[in-house]
Amino acid sequence: YLGVADPVKEKFVSGRLSPGLLWLVLNAPDHYVRILQPDNPYLSPAYDRLKHILTDIQTLAQRNDAEFIIVDIPHESYVDPYYLTIMRDLGLQTSDTTPTSALPVTSIQSLIENTGVGFIPNLDVFRRECRKDCYFPLDTHMNAKAHQLIAQNVADYFKRLEILSR
């Protein structure tokens, strides 16, 4: 904590910076760069574990005659360059390619390929509809507008599959 810049400490102490972001600043400032490198050994065990977990959930869903659907919840740094500035000001490393990367969607799609698991991507919707107004500042949590966008996209998905009727 001593190595954290004073403005960042002030934001945290005043309650404007989420503890999760402060944890990243202190413990993994390169987190947002590492996850954009698919060949990074940091990711391989995580992907393997996630694939195992998703397979277990899909098995349970099938046993119970249920649908397993993953709903993409985009992180703000993938939505708009505005959020990169915030991350950098906190001391987190970012890449200029983050707001245009398809990796958040393609990585999940590759994990569930040929499994029968449904997937509702929201990244493109957020990139189209959100700029500086879908997340709480210095928090990474979504606000009401973001939740509404996801709810509408989920409802549209269910309608396409005729799971929901008007």
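Residues numbered from 1 in each chain as written. Predicted model: local features only at pLDDT ≥ 70, side-chain atom pairs only at ≥ 80, totals over all residues. Heavy atoms only, no water.

Some details on the overall build of the protein chain
And step 1. Secondary structure summary: the protein chain contains 8 helices and 2 strands in total.
And step 2. Helices and strands appear in the protein chain in the N-to-C order α-α-α-α-β-α-α-β-α-α.
And step 3. Summarising its shape, the C-alpha atoms of the protein chain cover approximately 55 × 40 × 25 Å along the three principal directions.
And step 4. With 166 residues in all, the protein chain has 41% of them scored as buried.
And step 5. Carbon and sulfur atoms make up 55% of the accessible area of the protein chain, which totals about 9900 Å². (Helix = DSSP H or I, 4+ residues; strand = E, 2+ residues; numbered from the N terminus. Buried < 20%, exposed > 50% of the residue type's maximum accessible area, 1.4 Å probe, protein only. Areas by Shrake-Rupley, 256 points an atom, 1.4 Å probe, with all protein chains shown as cover.)

Describing the nonpolar core
And step 1. Counting 44 residues, the largest nonpolar core has Leu-21, Ile-70, Leu-90 and Phe-126 as the members making the most contacts within it.
And step 2. Where this core is concerned, the elements lending two or more residues are α2 (19-27), α4 (44-63), α5 (81-90), α6 (103-112), β2 (118-120), α7 (123-129) and α8 (144-160). (Core = buried A, V, L, I, M, F, W, Y, C linked by side-chain atoms within 4.5 Å.)

Things to note about α2
And step 1. Buried within α2 we find Leu-21, Leu-22, Leu-24 and Val-25. What you see down the axis of α2 is that its buried residues fit within an arc of 155°, all on one side. Away from its buried face by more than 90 degrees, α2 exposes Pro-19 and Trp-23.
And step 2. In this fold, the buried residues of α2 make contact with α1 (6-13), α3 (31-34) and α5. (Arc of directions from axis to C-beta. Contact = heavy atoms within 4.5 Å.)

Let's talk about α4
Because each turn of an α-helix spans 3.6 residues, side chains separated by three or four positions in sequence point in the same direction.
And step 1. In this model, α4 (20 residues) spans 29 Å end to end at C-alpha, consistent with the 28 Å of a helix rising 1.5 Å per residue.
And step 2. Listing the buried residues of α4 in full gives Leu-54, Gln-58 and Ala-61. Down the axis, α4 shows its buried residues gathered within 60° of arc, on one side only. What points out from α4, more than 90 degrees from its buried face, is the exposed set Pro-45, Asp-48 and Arg-63.
And step 3. Summarising the contacts, the buried residues of α4 are in contact with β1 (69-71) and α6. (Expected span 1.5 Å × (residues − 1).)

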